[in-house]
Amino acid sequence: MSVQLEVRPEIANKLTALAKAKGVSVDDLLDDVLSDLQPVEISEPSLEEFESDMDSLAEGLEQLPAGSQGTYSREDIYADHD
């Protein structure tokens, strides 16, 4: 499979210079760098993990005034300074 990447000219220049200094082609340089990368596994959290994360985010919110509708004026947000 062939992939074409567009990189900024300054990055291309750095890659070319580094490859030349190492005595390899840019393709070989990138192959060497990329072969060391480990795949990243992305998994969905379990319901328990999600609920735990949400509980952690909500800690301390009990102290908010009751009945807050979530609409705030500029004065509410910047009450302590201009």
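Quick caveat, the model's predicted, so the values are computed rather than measured.

Draft legend 1. Up close: the overall build of the protein. Looking only at helices and strands, the protein has 4 helices and 0 strands in total. Taken from the N to the C terminus, the helices and strands of the protein come in the order α-α-α-α. In terms of overall size, the protein is more extended than a compact globule, its C-alpha atoms giving a radius of gyration of 26 Å where 82 residues would be expected to give roughly 12 Å. For the C-alpha atoms alone, the extent of the protein along its principal axes is close to 70 × 40 × 20 Å. Here the protein has roughly 8200 Å² of accessible surface; of this, 53% comes from carbon and sulfur atoms.

Draft legend 2. Main features of the packing of helix α1 (residues 9-22) against helix α2 (residues 26-35). At their nearest, the axes of α1 and α2 sit 9 Å apart, and the two run at 90° to each other. As summarised for this structure, α1 and α2 are arranged roughly perpendicular, according to the angle between their axes. Of α2, the residues touching α1 (which contributes Leu-15, Thr-16, Leu-18, Ala-19 and Lys-22) are Val-26, Leu-29 and Leu-30. Its residues placed into classes, the contact of α1 with α2 shows 6 nonpolar, 1 polar and 1 charged.

Draft legend 3. Expanded view of the environment of Asp-27. Note that Asp-27 resides in helix α2. Along the primary structure Asp-27 and Thr-16 are separated by 11 residues, whereas in three dimensions their C-alpha atoms are 9.8 Å apart.

Draft legend 4. Structural view of the confidence of the model for the protein. Mean pLDDT over the protein stands at 87; residues scoring 70 or higher make up 93%. Within the protein, helix α4 (residues 74-77) has the poorest average pLDDT of any element, 80, and α1 the best, 95.

Draft legend 5. Representation of helix α3 (residues 47-58) within the structure. Helix length check: α3, at 12 residues, gives a terminal C-alpha distance of 16 Å against a target of 16 Å (1.5 Å per residue), a fit within 8%. Gly-60 occupies a position one or two residues after α3 and carries a positive phi of about 90°.

Draft legend 6. Fine view of a negative patch on the surface. Residues Glu-48, Glu-49, Glu-51, Asp-53, Asp-55, Glu-59 and Glu-62 make up a contiguous surface patch of negative charge. Looking at Glu-49, the relative accessible area reads 44%, which means it is partly exposed.

Draft legend 7. Molecular detail of the pattern of salt bridges. Under the defined criterion, the tally for this structure stands at 1 salt bridge. Where Glu-10 meets Arg-8, a salt bridge forms, and the shortest distance between an N and an O atom there is 2.7 Å. On the accessibility criterion, Glu-10 (39% relative accessible area) is partly exposed.

Draft legend 8. Structural detail: the environment of Ser-25. Along the chain, the position of Ser-25 falls in the loop between α1 and α2. A polar atom in the side chain of Ser-25 sits 3.0 Å from the backbone nitrogen of Asp-28.

Each value, and the rule that gives it
Residues numbered from 1 in each chain as written. Predicted model: local features only at pLDDT ≥ 70, side-chain atom pairs only at ≥ 80, totals over all residues. Heavy atoms only, no water. Helix = DSSP H or I, 4+ residues; strand = E, 2+ residues; numbered from the N terminus. Rg over C-alpha atoms; globule rule 2.2 N^0.38 Å. Areas by Shrake-Rupley, 256 points an atom, 1.4 Å probe, with all protein chains shown as cover. Axes fitted to C-alpha atoms, helices over the stretch in contact; angles between N-to-C directions. Parallel < 35°, antiparallel > 145°, perpendicular 65-115°, else oblique. Contact = heavy atoms within 4.5 Å. Nonpolar A, V, L, I, M, F, W, Y, C, P; charged D, E, K, R; others polar. pLDDT = per-residue confidence, 0-100. Expected span 1.5 Å × (residues − 1). Patch = residues over 30% accessible without salt bridge, like charges linked within 9 Å, V, L, I, M, F, W, Y side chains within 5 Å. Salt bridge = Lys/Arg side-chain N within 4 Å of Asp/Glu carboxyl O. Lys, Arg positive; Asp, Glu negative; His and termini not counted. Charge placed at Lys NZ, Arg CZ, Asp CG, Glu CD. Buried < 20%, exposed > 50% of the residue type's maximum accessible area, 1.4 Å probe, protein only. Polar contact = N/O pair within 3.5 Å; in protein donor to acceptor, adjacent residues only side chain to side chain.

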